[in-house]
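One-letter residues, chain by chain:
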Amino acid sequence: MSFRSQLLKGIMDGCVLAVIEKEAVYGYELSKKLQDIGLSDVSEGTIYPVLLRLQKNGLIRGEMKPSESGPNRKYYYLTDAGKEALETIALEWKQVFLPVHSLFQRRSNNESKATD
Amino acid sequence: MKAKQLIDENNRKRERLTKENEKYYGDMLVYIRLQLTLSEQQSEEVLMEMLDHLLEAQNEGKTAKDIFGPNPKQYADEIIENLPKEKKRQVLPFISGLALNVISYMLIIRSIVILIGSQFKEITTTVYPLTSIIVLSVILASISFGVWYIFKIIKDSLFLEKPNNKKDMIKAGIFGSVSMALIIVASKLMPEIGPSFSLSWWASLLCGCIIWIAGYGVKKIEA
């Protein structure tokens, strides 16, 4: 598994929760939205095992209802536990992302100085 | 929507898949449905979501491989791993219902054989419960082994480039004949042991019908 896909696998739960928090979506919509925000190399099918796991852990719940285009779709909603989990993930992401980001920033600054 | 409705809708929608996508998706569907310990409702819901997704992707010119990855078995295993276990699918009522059915059919067939046979020759109505229980166990054991074996044949036939249906049919056929032979030999050769009593044709028929109704009731609990 590439480093990139390992990273994505780790943060995928958070991404899915964040999309669902904004509005209830069904599977196909969710994968389109993830692609729209730039996660285009996530293979579309990867969301279904994630959705099942989140449901099993009570972070989201699914509900079958007619979609705008007509046929029944399973829409996903965030539960209270899901909201909490998302807060935690967002906080932990920040705690990891910011230090790593500034570390790499410093490194690229040094590099550009060295080439001067 | 109930699992049964989802299955019907799935059957209808699957016809719109291309041949290649139908093979890829169909194998995953059978593989996931064969996991009898998982929630049927949840399994059918996710299968429907995957099918809807695949149909939309198909319209955009994508294949099942693009959506679910190059390895369908691995993907299906990931789905299975995250599906909840069935709470209500009671395996016990199903199996005991089946056992009661077998017993009731044996009693009913016996009553018919005695009724018709006794017109032509003397037929003993004596039964040896211990002997019957042993023969019955052989029958039930071969049924359970048969179910397991046929599931295994189906599982092994999935996700292959070129499934060998003829070989599978021969395997199932050989199993069927061997188990039939085993049951006939067991019932013929089994010595009459233990206590015995007489059970006339009408008593046999009555018992058979009562046990059949009981088996029907037990199976209903499952639904």
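As shown above, the structure is provided for reference.
Definitions and limits used
- Residues numbered from 1 in each chain as written.
- Chains lettered and ligands numbered in written order.
- Predicted model: local features only at pLDDT ≥ 70, side-chain atom pairs only at ≥ 80, totals over all residues.
- Heavy atoms only, no water.
- Helix = DSSP H or I, 4+ residues; strand = E, 2+ residues; numbered from the N terminus.
- Rg over C-alpha atoms; globule rule 2.2 N^0.38 Å.
- Contact = heavy atoms within 4.5 Å.
- Areas by Shrake-Rupley, 256 points an atom, 1.4 Å probe, with all protein chains shown as cover.
- Disulfide = S-S within 2.5 Å.
- Buried < 20%, exposed > 50% of the residue type's maximum accessible area, 1.4 Å probe, protein only.
- Pairing = 2+ DSSP bridges.
- Axes fitted to C-alpha atoms, helices over the stretch in contact; angles between N-to-C directions.
- Salt bridge = Lys/Arg side-chain N within 4 Å of Asp/Glu carboxyl O.
- Expected span 1.5 Å × (residues − 1).
- Buried area = accessible area lost by both parts, 1.4 Å probe.
- Polar contact = N/O pair within 3.5 Å; in protein donor to acceptor, adjacent residues only side chain to side chain.
- Nonpolar A, V, L, I, M, F, W, Y, C, P; charged D, E, K, R; others polar.
- Core = buried A, V, L, I, M, F, W, Y, C linked by side-chain atoms within 4.5 Å.
- Phe/Tyr/Trp six-rings, centres within 6.5 Å; stacked < 30°, edge-to-face > 60°.
- Lys NZ or Arg CZ within 6 Å of the ring centre and 35° of its normal.

### Some thoughts on the overall build of chain B
- For chain B, the count of helices and strands is nine helices and two strands.
- The order of helices and strands in chain B, counted from the N terminus, is α-α-α-α-α-α-β-α-α-β-α.
- Relative to the 2.2 N^0.38 estimate, which gives 17 Å for 223 residues, the radius of gyration of chain B is 23 Å and therefore markedly larger than a compact globule would have.
- Considered along the principal axes of its C-alpha atoms, chain B spans approximately 75 × 35 × 30 Å.
- Counted over contacts in chain B with a minimum sequence separation of 6, partners at least 24 positions apart contribute 83%.
- Accessible surface for chain B amounts to roughly 13700 Å². Of this, 66% is attributable to carbon and sulfur atoms.

### As for the state of the cysteines
All names here are of chain B.
- This model, assessed by the stated rule, comprises zero disulfides over all chains.
- Here Cys209 is not cross-linked by a disulfide; its sulfur's nearest cysteine counterpart is in Cys207, at 9.5 Å.
- The class of Cys209 is partly exposed, set by a relative accessible area of 36%.

### Points about the pairing of strand 3 (residues 72-78) of chain A
Residue and element names in this part refer to chain A.
- For strand 3, the tally of buried residues reaches five of seven residues, placing the bulk of the element in the interior.
- Strand direction decides the pairing type here: strand 1 (residues 25-26) and strand 3, joined by two bridges, are antiparallel. Within strand 3, the position partnered with Val25 by the bridge is Tyr76.
- Bridge count between strand 2 (residues 60-66) and strand 3: seven bridges; the pairing is antiparallel. Across the sheet, the residue bridging to Met64 is Lys74, located in strand 3.
- Between the end of strand 2 and the start of strand 3, which pair antiparallel, lie five residues, with Gly70 showing a positive phi angle near 125°.

### Focus: the sheet that holds strand 2 of chain A
Residue and element names in this part refer to chain A.
- Pairing is antiparallel in the open sheet, where three strands are placed in the order 1-3-2. The sheet is open, and its two borders are formed by strand 1 and strand 2, each paired with just one other strand.
- Relative to strand 2, helix 3 (residues 47-56) is tilted by about 115°, and along the sheet it contacts strand 2 and strand 3.

### What to know about the pattern of salt bridges
Residue and element names in this part refer to chain B.
- This model, assessed by the stated rule, comprises 17 salt bridges over all chains.
- Linking Lys4 and Asp8 is a salt bridge whose minimum nitrogen-to-oxygen distance equals 3.4 Å. Highlighted residues: Lys4 and Asp8, both in helix 1 (residues 3-14), separated by four residues, approximately one helical turn.
- Judged by its relative accessible area of 57%, Lys4 is exposed.
- Asp52 is paired through a salt bridge with Lys13; the nearest N and O atoms lie 2.7 Å apart. Here Asp52, found in helix 3 (residues 40-59), pairs with Lys13, found in helix 1; they are 39 residues apart in sequence, far enough to count as distant.
- Residue Asp52 is classed as buried on the basis of its relative accessible area, which comes to 10%.

### Overview of helix 7 (residues 129-157) of chain B
All names here are of chain B.
- Between the first and last C-alpha of helix 7 there are 42 Å, a value that for 29 residues agrees with the 42 Å anticipated at 1.5 Å per step.
- For helix 7, the full list of buried residues reads Thr131, Val135, Leu136, Ile139, Ser142, Gly146, Ile153 and Ser157.
- Of the residues trailing helix 7, Phe159 is marked for its positive phi of about 60°.

### Quick look at the interface of chain A and chain B
- Of the residues lining the interface, 22 residues belong to chain A; the matching set on chain B comes to 24 residues.
- Overall, the association of chain A and chain B removes approximately 2000 Å² of surface from exposure, summing both partners, and the carbon and sulfur fraction of that is 51%.
- Looking only at chain A, the three residues that lose the most surface to chain B are Tyr28, Tyr48 and Leu52 of chain A, adding up to 31% of its buried area.
- Remark: the boundary between chain A and chain B carries five salt bridges.
- Taken together, chain A and chain B are joined by 11 residue pairs in polar contact (both at pLDDT 80 or more).
- Where the side of chain A that touches chain B is concerned, the elements lending two or more residues are helix 2 (27-36), helix 3 and strand 3 of chain A.
- Per element, the largest residue contribution to the side of chain A that touches chain B is seven residues, and it comes from helix 3 of chain A.
- Grouping the constituent residues of the side of chain A that touches chain B by class yields eight nonpolar, seven polar and seven charged.

### Comments concerning the nonpolar core
- Within the largest apolar cluster, 49 residues are counted, with the highest numbers of intra-cluster contacts made by Val16, Leu34 and Leu51 of chain A together with Met50, Phe68 and Ile79 of chain B.
- Excluding anything up to four places from it in sequence, Ile79 of chain B contacts Tyr48, Pro49 and Leu52 of chain A together with Ile32, Val46 and Met50 of chain B.
- Counting residues in hydrophobic clusters, the runner-up holds five residues, among them Val102, Val135, Leu136 and Ile139 of chain B.

### A look at the packing of aromatic side chains
- Scanning the model with the defined rule gives 10 aromatic pairs over all chains in all.
- Aromatic pair Tyr31 of chain B and Phe159 of chain B: ring centres 5.3 Å apart, planes at 70°, arrangement edge-to-face. Here Tyr31 of chain B, found in helix 2 (residues 19-33), pairs with Phe159 of chain B, found in the loop between helix 7 and helix 8 (165-189); they are 128 residues apart in sequence, far enough to count as distant.
- Relative to Tyr75 of chain B, the ring of Phe68 of chain B lies with its centre 5.1 Å away and its plane at 45°, an arrangement referred to as tilted. Here Phe68 of chain B and Tyr75 of chain B have matching classes, each one buried.
- The structure contains a cluster of three or more aromatic residues connected by ring pairs, namely Phe145, Trp148, Tyr149 and Phe175 of chain B.
- One cation-aromatic arrangement involves Lys65 of chain A over Tyr75 of chain A; the distance from NZ or CZ to the ring centre is 5.2 Å.

Such coordinate-based values are descriptive only and should not be taken to indicate function.
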